[in-house]
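A closer look at the structure
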2 protein chains.
Amino acid sequence: MVIHYKDKQYFTSKDLALSVIGGRWKIAIIWCLLHETPLRLSEIQKKLPDANQRMLIRQLRELEEDKIITRYVYPVVPPKVEYKLSEVGLLLEPVVTSICNFGDQFMQTIEHETDSTLVD
Amino acid sequence: MVIHYKDKQYFTSKDLALSVIGGRWKIAIIWCLLHETPLRLSEIQKKLPDANQRMLIRQLRELEEDKIITRYVYPVVPPKVEYKLSEVGLLLEPVVTSICNFGDQFMQTIEHETDSTLVD
DNA sequence: TGCAATACTGACTCTTTTGTCACTATGAAC
DNA sequence: GTTCATAGTGACAAAAGAGTCAGTATTGCA
């Protein structure tokens, strides 16, 4: 099975999935939109202060291209643009959740290690 | 909350998780080890023919460093080394599964798009 | 007139990640 | 003594990704 998507080849649907969620800020953006929606760019920026605007916009564009999020532009000045997860984007909820869970569990194993280092 | 791990700072456990699973072949390796274990390097190579040996070894080393996999060296010649998921590594099962599921669903949406393009 | 607010884009650099190639070690079998 | 198998390492090149900085547009308001 070979999947052709955006001029690239993927040999498994897993690889395709990874190409969609792989990006420094994508999981974080999706996480934000799962918790509060819709969000404006300026709001996402506040929630992810370590990402600079240019990066966020790029990641948002890619997510939009992949139809993970939708972008609605209000015809007003100054501009108002709202982002929300699409139906397909909502399918990422289990992915984000399981990553968060793993993160928590992994963090605990690190902490225990540190403890035992201190004890030793 | 700031997590210090391997000389880097992580602001959420989610970011920490991403640092552990982020790597061109890591999810694929974990997927393999979830389906069949233990595996030797040469066996993983056969399952992931697109990854070259050097890359696989690098990813395996990183996973080992993060204690996601264990590496057992048999004292024989020619060398025999077995890799398997650690207890912590097994916690990644939901992550891999949800990514696979999403990949399948995402693939279907692409296929439908292609259909409608053909129809239009 | 000029500044504020919002959501951008372009062009560039820097860093990280990935990929490639050549090379090593060991002992058994021929 | 040459060759095979396995699992590796080192050094480098190429590519991808991330980050930075300056700039744009619109309109209302002081």
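Here's what I pulled together on the structure shown here. (Residues numbered from 1 in each chain as written. Chains lettered and ligands numbered in written order. Predicted model: local features only at pLDDT ≥ 70, side-chain atom pairs only at ≥ 80, totals over all residues. Heavy atoms only, no water.)

**Some thoughts on the protein's contact with DNA strand D**
Around DNA strand D, 22 residues are found, and the nearest of them are A:Arg24, A:Arg58, B:Arg61, B:Arg71 and B:Tyr83. For DNA strand D, the fraction of protein-proximal atoms (within 4 Å) that sit in sugar or phosphate groups is 57%. Between DNA strand D and A:Arg58, the relevant distance is 2.4 Å, taken from a base nitrogen to a side-chain nitrogen or oxygen of the residue. One of the side-chain nitrogen or oxygen atoms of B:Tyr83 is found 2.5 Å away from a phosphate oxygen of DNA strand D. Among the secondary structure elements, those contributing two or more residues to the surface near DNA strand D are α4 (53–65) of chain A together with α3 (41–47), α4 (53–65) and β5 (80–85) of chain B. Among the elements that make up the surface near DNA strand D, the one with the highest residue count is α4(B) (5 residues). Split by residue class, the surface near DNA strand D holds 9 nonpolar, 5 polar and 8 charged. (Near = heavy atom within 4 Å. Polar contact = N/O pair within 3.5 Å; in protein donor to acceptor, adjacent residues only side chain to side chain. Helix = DSSP H or I, 4+ residues; strand = E, 2+ residues; numbered from the N terminus. Nonpolar A, V, L, I, M, F, W, Y, C, P; charged D, E, K, R; others polar.)

**Thoughts on the interface of chain B and chain A**
Listed by partner, the interface residues are 35 residues for chain B and 35 residues for chain A. Of the roughly 3,100 Å² buried between chain B and chain A, counting both surfaces, carbon and sulfur atoms make up 80%. Looking only at chain B, the three residues that lose the most surface to chain A are B:Lys14, B:Phe102 and B:Phe106, adding up to 21% of its buried area. For the interface between chain B and chain A, the tally reads 0 salt bridges. Joining chain B to chain A, the criterion identifies 3 residue pairs in polar contact (both at pLDDT 80 or more). Of all the elements in the fold, those that place two or more residues in the side of chain B that touches chain A are β1 (3–5), α1 (13–21), α2 (26–35) and α6 (93–119) of chain B. (Contact = heavy atoms within 4.5 Å. Buried area = accessible area lost by both parts, 1.4 Å probe. Salt bridge = Lys/Arg side-chain N within 4 Å of Asp/Glu carboxyl O.)

Taken by themselves, the reported measurements are silent on function.
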